[in-house]
Amino acid sequence: MHLYHELDAAELPDADFDRLVHQLRDLEAAHPELADAASPAEQVGGAPSSAFAPVQHEVPMMSLDNAFDLDELRGWAERLERRLGDKIPSFVCELKFDGLALSVRYEDGQLVRAATRGDGTTGEDVTHTVKTIGDIPHILPKSAPPVIEVRGEAYMRLSTFEALNKAQEKAGLQAYVNPRNTAAGSIRQKDPQAARERALSFWPYQLGQIVDGPTLDAHSATFDYLTSLTFGVNEHSRVVDTIDDVVAFIEEFAAKRHDLDYEFDGVVVKVDDLETQRVLGSTSRAPRWAIAYKMPPEERATRLIDIPISIGTNGSATPYALLEPVFVGGVTVTNATLHNQDIVAQKDVRPGDMVVVRRAGDVIPEVVGPVLSERDPKSTPWEFPIDCPVCSRPLVRPEGAARHRCPFDDCPAQVRGRIEHFAQRTGMDIEHFGERTVDLLVSAGLITDVGDVFNFDLEELRQFEGFGDTSIENLRAGLESSRTRPLGNAVFALAIPHVGSSNGKLLAKAFGSFEKIAAATVEEIAAIDGVGPIIAESVVEWFASDTGKTIIQKLHDGGVRPVAPEVSTLEPTLAGKSIVVSGGLANYGRSDAKTAITDRGGKAPGSVSKSTFALVVGNDPGASKVTKAEDLGIPILDEAGFEILLATGDLP
Ligand code: IVH
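The sections below set out a description of the structure shown in this document.

What counts, and at which threshold
Residues numbered from 1 in each chain as written. Predicted model: local features only at pLDDT ≥ 70, side-chain atom pairs only at ≥ 80, totals over all residues. Heavy atoms only, no water. Buried < 20%, exposed > 50% of the residue type's maximum accessible area, 1.4 Å probe, protein only. Helix = DSSP H or I, 4+ residues; strand = E, 2+ residues; numbered from the N terminus. Arc of directions from axis to C-beta. Pairing = 2+ DSSP bridges. Contact = heavy atoms within 4.5 Å. Axes fitted to C-alpha atoms, helices over the stretch in contact; angles between N-to-C directions. Phe/Tyr/Trp six-rings, centres within 6.5 Å; stacked < 30°, edge-to-face > 60°. Patch = residues over 30% accessible without salt bridge, like charges linked within 9 Å, V, L, I, M, F, W, Y side chains within 5 Å. Areas by Shrake-Rupley, 256 points an atom, 1.4 Å probe, with all protein chains shown as cover. Salt bridge = Lys/Arg side-chain N within 4 Å of Asp/Glu carboxyl O. Lys, Arg positive; Asp, Glu negative; His and termini not counted. Charge placed at Lys NZ, Arg CZ, Asp CG, Glu CD. Parallel < 35°, antiparallel > 145°, perpendicular 65-115°, else oblique. Left-handed = near helix turned anticlockwise from the far one by under 90°. Nonpolar A, V, L, I, M, F, W, Y, C, P; charged D, E, K, R; others polar. Near = heavy atom within 4 Å. Polar contact = N/O pair within 3.5 Å; in protein donor to acceptor, adjacent residues only side chain to side chain. Core = buried A, V, L, I, M, F, W, Y, C linked by side-chain atoms within 4.5 Å.

Structural notes on helix α21 (residues 590-598)
Along α21, the residues classified as buried are A593, A596 and I597. End-on view of α21: buried residues confined to an arc of 100°, all on one side of the axis.

Observations regarding the sheet that holds strand β21 (residues 636-637)
Hydrogen bonds between backbone atoms are what pair the strands of a sheet, whose relative direction is either parallel or antiparallel. Sheet architecture is open: three strands sit in the order β19-β20-β21, paired in parallel fashion. In this open sheet, the two edge strands, each paired with only one partner strand, are β19 (579-582) and β21. Sheet topology places strand β20 (residues 614-617) next to β21; two bridges connect them, and they run parallel. What sits directly across from V616, in β21, is L637. Along the sheet face, helix α22 (residues 623-632) touches β19, β20 and β21 and points at about 145° away from the line of β20.

Here's the deal with the packing of aromatic side chains
Taken as a whole and assessed by the stated rule, the structure comprises 15 aromatic pairs. Ring geometry for Y588 and F642: centres 5.3 Å apart, planes at 70°, overall edge-to-face. Of this pair, Y588 sits in the loop between β19 and α21 while F642 sits in helix α23 (residues 639-648), placing them 54 residues apart in sequence. For the pair shown, Y588 and F642 are each scored as buried.

Description of a negative patch on the surface
On the surface, E523, E524, E537 and E541 cluster together into a patch of negative charge. Broken down by secondary-structure element, the contributors of at least two residues to the negative patch are α18 (522-526) and α19 (533-544). As for its position among the elements, E523 is in helix α18. Overall, E523 belongs to the exposed group, its relative accessible area being 59%.

Here's the deal with the pattern of salt bridges
Tallied over the full model, the rule gives 31 salt bridges. Salt-bridge contacts for R105 lead to E149; the nearest nitrogen and oxygen are separated by 2.8 Å. Taken together, the residues R105 in strand β4 (residues 100-107) and E149 in strand β7 (residues 147-155) connect sequence positions 44 residues apart. Between D469 and R462 there is a salt bridge, with the nearest N and O atoms lying 2.9 Å from each other. Residue classification places R462 among the partly exposed residues on the basis of a relative accessible area of 40%. Overlapping salt bridges bring together E459, R462, D469, E473 and R476 as one network.

Observations regarding the packing of helix α12 (residues 412-423) against helix α13 (residues 435-443)
As a packed pair, α12 and α13 sit with axes 10 Å apart at the nearest point and diverge in direction by 140°. In terms of axis orientation, α12 runs oblique to α13. Our pair here, α12 against α13, has a crossing hand that is right-handed. Judged by residue contacts, P412, V415, R416, I419 and E420 of α12 engage E435, V438, D439, V442 and S443 from α13. Of the residues in the contact of α12 with α13, the class split is five nonpolar, one polar and four charged.

Regarding the site of the ligand
Near the ligand you find 14 residues, and of these E94, L95, F97, E153 and Y205 are the closest. Here K96 contributes a side-chain N or O atom positioned 3.2 Å from an oxygen atom of the ligand. Bound to the protein, the ligand loses 89% of the 520 Å² it would expose on its own. Elements with a contribution of two residues or more to the shell around the ligand: β3 (91-97), β8 (201-211) and β10 (264-271). Partitioned by chemical class, the residues of the shell around the ligand number eight nonpolar, one polar and five charged.

Structural notes on the packing of helix α3 (residues 70-84) against helix α9 (residues 243-255)
Their axes nearest at 11 Å, the elements α3 and α9 cross at an angle of 150°. Taken together, α3 and α9 sit at an angle that is classed as roughly antiparallel. Relative to α9, the crossing made by α3 is right-handed. Contacts from L70, L73, R74 and A77 of α3 reach α9 at I243, D244, V246, V247, I250 and E251. Looking at the contact of α3 with α9, its residues break down into seven nonpolar, no polar and three charged.

Some thoughts on the nonpolar core
If you look at the biggest cluster of nonpolar residues, it comprises 47 residues, and the most contacted ones within it are F422, I430, F433 and L494. Listed by contribution, the elements that provide at least two residues to this core are α12, α13, α14 (469-482), α15 (487-493), α16 (501-511), α17 (514-519), α19 and α20 (546-557). At five residues, the largest contribution of residues to this core is made by α19. Non-local contacts of L494, meaning those with residues more than four positions away in its chain, are made with F422, F514, W542, F543, I551, I552 and L555. Counting 38 residues, the second largest nonpolar core, distinct from the first, contains Y106, V126, V130 and I148.

Some remarks on the sheet that holds β8
A sheet is described by the order of its strands in space; here four strands give the open sequence β5-β4-β7-β8, paired in antiparallel fashion. The strands lining the two open edges of the sheet, one partner per strand, are β5 (110-116) and β8. Neighbour-to-neighbour, the strand axes of the sheet open up by a mean angle of 25°, direction not taken into account. Bridge count between β7 and β8: eight bridges; the pairing is antiparallel. Each bridged residue has a counterpart across the sheet, and for V147 the counterpart in β8 is V211. Taken strand by strand, helix α8 (residues 219-228) contacts β7 and β8, and its axis lies near 105° from that of β8.

Focus: the side chain of E149
What makes E149 buried here is its relative accessible area of 5%. A polar contact is formed between the side chain of E149 and the side chain of R105, at a distance of 2.8 Å. Reaching out from E149, the side chain makes a polar contact with the side chain of R151 at a distance of 2.9 Å. Each residue touching E149, except ones within four places of it in the same chain, is listed here: E58, S103, V104, R105, Q206, L207, G208 and Q209.

Considerations on α23
Among the residues of α23, those classed as buried are E639, G641, F642, L645 and L646. Projection of α23 onto a plane perpendicular to its axis shows the buried side chains occupying an angular sector of 155°, all on one side. Where α23 is buried, its residues contact β19, α21, β20 and β21. Taken from the residues just after α23, G649 is the one with a positive phi, measuring 80°.

Everything listed here is a matter of geometry and, on its own, says nothing about what the molecule does.
Okay, here's the thing in C-alpha cells:
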C-alpha cells in the first residue's frame, strides 16, 4: 500500500489493487472489530497531504440564528406565524451539541469524503480522521441512495474526556481544556491514529445533498431514515406542536444540563414540515425555519471563604476569591480572580458572603456578585490590605494605576518568581530545582537573587526534610550542566523587562556574551532586526543597574559560562523571509526547525500574518494557523517542501 501510494511504484495492476481494497472494506464492514485506521482499506490516498484539501459543499452548510432568551425565541415563532399566515407549524426540538460540524458524503454506499463546515461553502477534507469515529459507518446498507451527505456534530463524550485527562496526568502531560476543543483538534490533525486514540463520537442531525433519495415530508422522518442507514441518532429529539412545548423542552434540558455524557449548550428548534421549510427559505446566512436557543452561562452560588492577595513575579498584588468548591459549567471552581480593589468594591463581595459564580464554556470563572438576602447583617465592606501578605511591608497603588503592588524587589514572592523563571526549562533549565527547593532556600535566606543560585552551599540543604545525598548530588549535576546553557536562554532567564526568549536569542546571536551585551549602546541593540527601542533601553538599563551588575558578577563567580551561538555559515537563502512552522516534523524538533530557518537568515515567528512567506505543517498543526494561511493565500508546505525551501530559498 505504501509502495502504491507514496512511491508510485505499484506492484499490482490497478484493478487488482482496487478489488483487494473493496474486499477488505467488505470484510471490515462485516467485522468492524477488525477495522483499523492503518488498514489499507482506510487509506484515502497514502500519507495525508501537507494541509487539508478544500472541499466544496454542494449544499451549503449554513449556520443558525441564535436566540439568547425565551422572548427572542417567541419572537422568532411569531415571525414564522406571520409569514405563514394562520398555519402554525410543528417544531422539532433537538439538543445543540457542542462539538465540530461535519458533512459526511457517501457515494454508492461508501464513505468517500468527510469535511468540516469551513466558511459554509468550502470546508476541509478530514476524511482520514473522521473514518476513525466509530459512530460513522463506512458502508451503508444496499438501500442507500447513490449520493447522500449526512451532517452532524463530532464530539467527545465526557467520560472519554475524563479518561483521556487521567491518562495525560499519569503521563505527566498537560490536561486538555475541554471536550469540544479536544474533539475539534483531533479531527483537524494529520495523524488518523492519534484521532482514533481520542475515541470521538458523532450525532447526525441533518441531510445535505441527496441524489435519488426517498421523499421525506418531515425533518423528524430524517431521524428514522438515518436509523435505517445504521446511524445512531440522539434519543432526545422531540416533535412538539406549540412554542410553549418548546419552552418546556428547554426547561427540562436546562435542568439536565450536567446529567448527560456529552455537552450541549442550547436547543436547536426546527420547523418539522419540510415543505414549510422550503416556503420559509433562508437568508444568506441561516435558514428562517430553525433557530438555536443558547442556554445562558451556568451560575451557581457558593460561599466566599476569603479574599486573599497574590503577589506576582513583578510585584503586582491581585485579590482573588477563595471559594468553597462548586461545580459550575463543567468544572470544579475553587478560586476566581477579583482583579483589583475597584472591582471588589464595585461587586461589593465580602468574605463570608454567598456569591454567585459563573462560567461559560472555556471562559475563566467569574464571581458575579453577592446573594444579598443571605448576607450577615453585621458584615462590613472588604478593605484592601495595607501590607504585602508575603513580606509584610506596605503595598502601594501608584497614581492612576488600577492595581496595587508590592514595591520591594526583595519581597520573597518576587525573588521566588524570578528564581523560578531563571531555572525553568526555557531559561537555565536547572534540573532538580523545583518550586519547593526554591521556596525553602528563599525562605531560609540562603538565596536572595538569581546570582546566588550557583553560589550557595549545597550542604545547607541537609537541614531540610527530604534532602539527602541523592537529592543534593542530583541538584549539583543539574547546576553543573546549566552552567553552559546557550547564551540566548541565559539572557532570557535574567527576566529583563520586555526580553522574551526570542529576544534573548537575538541578543545572544548579535553579541555573543553577557559582557558584550552589557557594553552595547541602545542604538547598537535597537539596530538588531526584530529588537525595538523599548527592549533596547530596557536591556541597557538592566545591565547598567546595580542589581544587573551584581547578578552578572555572581553568575561569573559561580562558574556560569553561557555558550555563544555558533555563527551560521549557511547560505542566507531565507533572508527577509518569514516562515511559520506548525505541528511536528519527522526530521526536525520544534526548535531545530526554527534554527534551520534563522540560520539561513529567515525569521520563524509563532503566528501567521500577511507577511508570512510560507506555513510549514507537520503532524497535528494548529488549526487556526492553517485556516489563517488559507484565508491569506499563504503557501502551505509539508516537510519535503520545507527542505526544498531551506535549500533553495524558493517554494517547491
Ligand atoms: S442544524 C441549517 N442541529 O450548531 C441547519 N446544528 O450554530 C444546520 N449544532 O454549525 C445546523 N447541534 O455545528 C443543527 N441539533 C443540531 C445541532 C447543530 C449542534 C451546531 C452545528 C452548526 C451550529 C450552528
